[in-house]
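Secondary and tertiary structure notes
Listed below are the residues making up each chain.
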Amino acid sequence: MNGSFIELLALAGIAVFLILKLRGVLGTREGFEKPPIVQDRSPEQRGETKFEVIQGGVDLDIADHAAEGSDTAAALTAMKRAEPSFNVGEFLGGARGAYEMILMAFEAGDLDDVVPFLSPEVYESFATVVTDRADKGLIVEAEFIGVRELTLQEATFDPISGFGEVTVKFIGELTGVVRDSAGDIVEGDPKQVKRQKDVWTFGRTMGADDPNWQLVATGG
């Protein structure tokens, strides 16, 4: 054998030795490598928020509008027992729409469309004012801007009759003037937005077939 061939065999032997040595240290890997096992961490360690659901806990639909343990919260709870589909948030949304509809009907002096939503006593009170304005030849021109504030103030429930009442405070914004029979402005400014505070009480027999609430009392 010449010197070059012997030198090549020597290098090959060294390479085999190194491979066997590395395999002893690192081990062998066959196929796809499995991911490392990571111990499960808590949501807080993973940077996540942990939510705990409590069965039979606080009814947020009520808690958002009435203090826990208050008479109002108790009344709203009783209403829900009498009529499980009753929802306070949805009621207040309807009350907002009813406020605009009834208020503007009153300002326009035309109550026909809102009669189903007024108790006989409230209708009589509104109709008296409308008739008095007409007798004096006064005309109200008003434009509703919106409800700036809406707050549930009180709720009551009669377990015997099943009649529930909810009192809501509204702060509405509107523009309006009062004109005499000649068309001249006798009150108000058409460009001035005024705020109007009203405290209205709506009532209804819970569980009744008629889903409409009626305005049963007004105040300011």
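Quantities reported herein were computed from a predicted structural model and do not represent experimental measurements.

**Some points on the overall build of the chain**
In terms of helices and strands, the chain carries five helices and four strands. Traced from its N-terminal end to its C-terminal end, the chain shows the element sequence α-α-α-α-α-β-β-β-β. A burial count over the chain gives 30% of its 220 residues as buried. A sequence separation of at least 24 residues applies to 59% of the contacts in the chain between residues at least 6 apart.

**A short note on the sheet that holds strand S4 (residues 214–219)**
The strands making up a sheet associate through backbone hydrogen bonding, with each pair oriented either parallel or antiparallel. Here we have four strands laid out as an open sheet, ordered S1-S2-S3-S4, and antiparallel in their pairing. The strands lining the two open edges of the sheet, one partner per strand, are strand S1 (139–158) and S4. For this sheet the average axis-to-axis angle between neighbouring strands, irrespective of direction, equals 25°. Note that S1 and strand S2 (residues 163–179) share 17 bridges and pair antiparallel.

**Points about the pattern of salt bridges**
Between side chains of opposite charge, a pair can form as their charged atoms come close. For the structure shown, the criterion picks out eight salt bridges. Between Lys 80 and Asp 59 there is a salt bridge, with its nearest N and O atoms 3.0 Å apart. Here Lys 80 is found in helix H3 (residues 71–82), whereas its partner Asp 59 is found in the loop between helix H1 (3–26) and helix H2 (60–63), with 21 residues between them in sequence. Of the residues examined, Asp 59 reaches a relative accessible area of 32% and is grouped as partly exposed. A salt bridge links Asp 61 to Lys 80, with the shortest nitrogen-to-oxygen separation between them at 2.7 Å. Of this pair, Asp 61 sits in helix H2 while Lys 80 sits in helix H3, and the two are 19 residues apart along the sequence. Note on accessibility: Asp 61 and Lys 80 belong to one class, buried. Connected through salt bridges with shared partners, the residues Asp 59, Asp 61 and Lys 80 form a single ionic network.

**Quick word on the side chain of Ser 119**
Following the sequence through the fold, Ser 119 ends up in the loop between helix H4 (88–108) and helix H5 (120–135). Excluding its chain neighbours within four sequence positions, the residues that come into contact with Ser 119 are Gln 214, Leu 215 and Val 216.

Each value, and the rule that gives it
- Throughout this document, residue positions are counted from 1 along each chain, in the order its sequence is written.
- Only residues with pLDDT of 70 or above have their local features reported here, since the model is predicted, and side-chain atom pairs are shown and tallied only from 80 upward, although totals for entire chains, interfaces and linings are computed over all residues.
- Only hydrogens and water are set aside; all other atoms, that is, all heavy atoms of the structure, feed into the side-chain values.
- By definition, any uninterrupted DSSP run of H or I lasting at least four residues is a helix, any uninterrupted run of E lasting at least two residues is a strand, and each is numbered from the N terminus.
- We call a residue buried when its accessible area falls under 20% of the maximum for its residue type, exposed when it is over 50%, and partly exposed in between, using a 1.4 Å probe and counting protein chains only.
- Residue contacts follow a heavy-atom distance rule, with two residues in contact if any of their heavy atoms lie within 4.5 Å.
- The criterion for strand pairing is that DSSP finds at least two bridges linking the strands in question.
- Axis angles are defined between N-to-C directions and span 0 to 180 degrees, where every axis is a line fitted to C-alpha atoms and, for a helix, only to the segment in contact.
- Salt-bridge detection follows one rule: a side-chain nitrogen of Lys or Arg within 4 Å of a carboxyl oxygen of Asp or Glu.

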